[in-house]
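As a plain string of letters, each chain reads:
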Amino acid sequence: SVFAGNIALRPLLEVTLDVSGRPFTVFAAHWKSKAGDDDSTDIRSAQERTLYARILALESATPCAAYIACGDFNQTRDEFTLMSDSGIRNCWDDWLSRCESGLAPGPAGSYYYNGAWETIDHFFYPERAASGYEVADFRVVATPPLTGQDRLPARYEVYTGAGYSDHLPLVLVLKRSD
């Protein structure tokens, strides 16, 4: 286990790929949910500090580094502190306004809870085009069999084996800009 003080953190997966001779780093995370323990906010905060420190280290070692951080972060984009004020882009930044204006089919989140969509699954990526990539497409996959006829996630039920997940998948397509 990885510890931040006396808090045990879930692992942060980091892998660097060779994409046509150029390094591209992928961070994958599944942070603690809000259910259960009283310290879940502290744990997610420590997880964010860990991810942010790894991104800063990558950018320090490789200016204009190409990377993406993705996963189930179990918090909305408004609940991030370091990641939201740092020039790091979030997949929901443009999507939600496009949904509200009718330019994107929605839904306005990947997780449906208590009658509302939440944005707790994320892609983070560098803002500057100097990373060599730009976003060509982003969307929430909200089609059967991943959804029911109500377009809500078809939750997996352990006892029946029916369904898939209580989260809808996200698709982010990157295009090399050079």
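Residues numbered from 1 in each chain as written. Predicted model: local features only at pLDDT ≥ 70, side-chain atom pairs only at ≥ 80, totals over all residues. Heavy atoms only, no water.

## Some thoughts on the confidence of the model for the protein chain
Spelled out, the test is: Scored from 0 to 100, pLDDT records how confident the predictor is in each individual residue. Comment: elements are numbered from the N terminus, with helices defined as DSSP H or I runs of at least four residues and strands as E runs of at least two.
This prediction gives the protein chain a mean pLDDT of 89; 94% of its residues lie at or above 70. Taken element by element, the protein chain is modelled with least confidence in strand β1 (residues 2-4), mean pLDDT 64, and with most confidence in strand β5 (residues 67-72), mean pLDDT 96.

## Description of the pattern of salt bridges
The condition is simple: Salt bridge, as used here, is a side-chain nitrogen of Lys or Arg placed within 4 Å of a carboxyl oxygen of Asp or Glu. Relative accessibility under 20% of the residue-type maximum defines a buried residue, over 50% an exposed one, and the middle range a partly exposed one, all with a 1.4 Å probe and only protein chains included.
If you walk through the whole model with that rule in mind, you get eight salt bridges. With its nearest N and O atoms 2.0 Å apart, the salt bridge here joins Asp-137 to Arg-139. Relative accessible area serves as the criterion here: at 27%, Asp-137 is assigned to the partly exposed category. Asp-166 serves as the salt-bridge partner of Arg-155, at 3.8 Å between the closest nitrogen and oxygen. Of the two residues, Arg-155 is situated in the loop between β10 (133-140) and β11 (170-176) and Asp-166 in the loop between β10 and β11; the sequence distance between them amounts to eleven residues. With a relative accessible area of 46%, Arg-155 lands in the partly exposed category. Look at Asp-166 and you get partly exposed, because its relative accessible area is 23%.

## Here's the deal with unusual backbone geometry
Here the residue pair Gly-106 and Pro-107 is connected by a cis peptide bond, since its omega of 10° sits within 30 degrees of zero. Inspection of the secondary structure puts Pro-107 in the loop between α2 (92-100) and β7 (111-113). Along the chain, Pro-144 connects to Pro-145 via a cis peptide bond; the corresponding omega equals 10°. Along the chain, the position of Pro-145 falls in the loop between β10 and β11. Positive phi outside glycine occurs at Cys-64, with the angle close to 65°. Looking at the element boundaries, Cys-64 is found in the loop between α1 (40-61) and β5. Within the chain, Arg-151 stands out as a residue other than glycine whose phi angle is a positive 65°. Tracing the backbone shows Arg-151 in the loop between β10 and β11.

## Regarding the sheet that holds strand β3 (residues 13-19)
Note the threshold: Strands were regarded as paired on the criterion that DSSP finds at least two bridges between them. For helices, the axis comes from a line fit to the C-alpha atoms of the stretch in contact; other axes are also lines fit to C-alpha atoms, and the angle between any two N-to-C directions lies between 0 and 180 degrees. In what follows, residue pairs with any heavy atoms lying within 4.5 Å of each other are defined as contacts.
Read across the open sheet, the five strands follow the order β3-β4-β5-β9-β6; overall the sheet is mixed. This sheet does not close on itself; its edge strands, each paired only once, are β3 and β6 (88-90). Strand-to-strand twist of the sheet, defined as the mean angle between neighbouring strand axes without regard to direction, takes the value 20°. Direction of pairing for β6 relative to strand β9 (residues 121-126): antiparallel, over a ladder of three bridges. Residue pairing in the sheet places Ile-88 in a bridge with Pro-126 of β9. Here α2 sits on the sheet in contact with β6 and β9, set at roughly 35° to β6.

## A look at the pairing of β9
Most of β9 is tucked away: six of the six residues are buried. The pairing of β5 with β9 spans four bridges and is antiparallel. Note that in β9 the partner of Cys-70 across the bridge is Phe-123.

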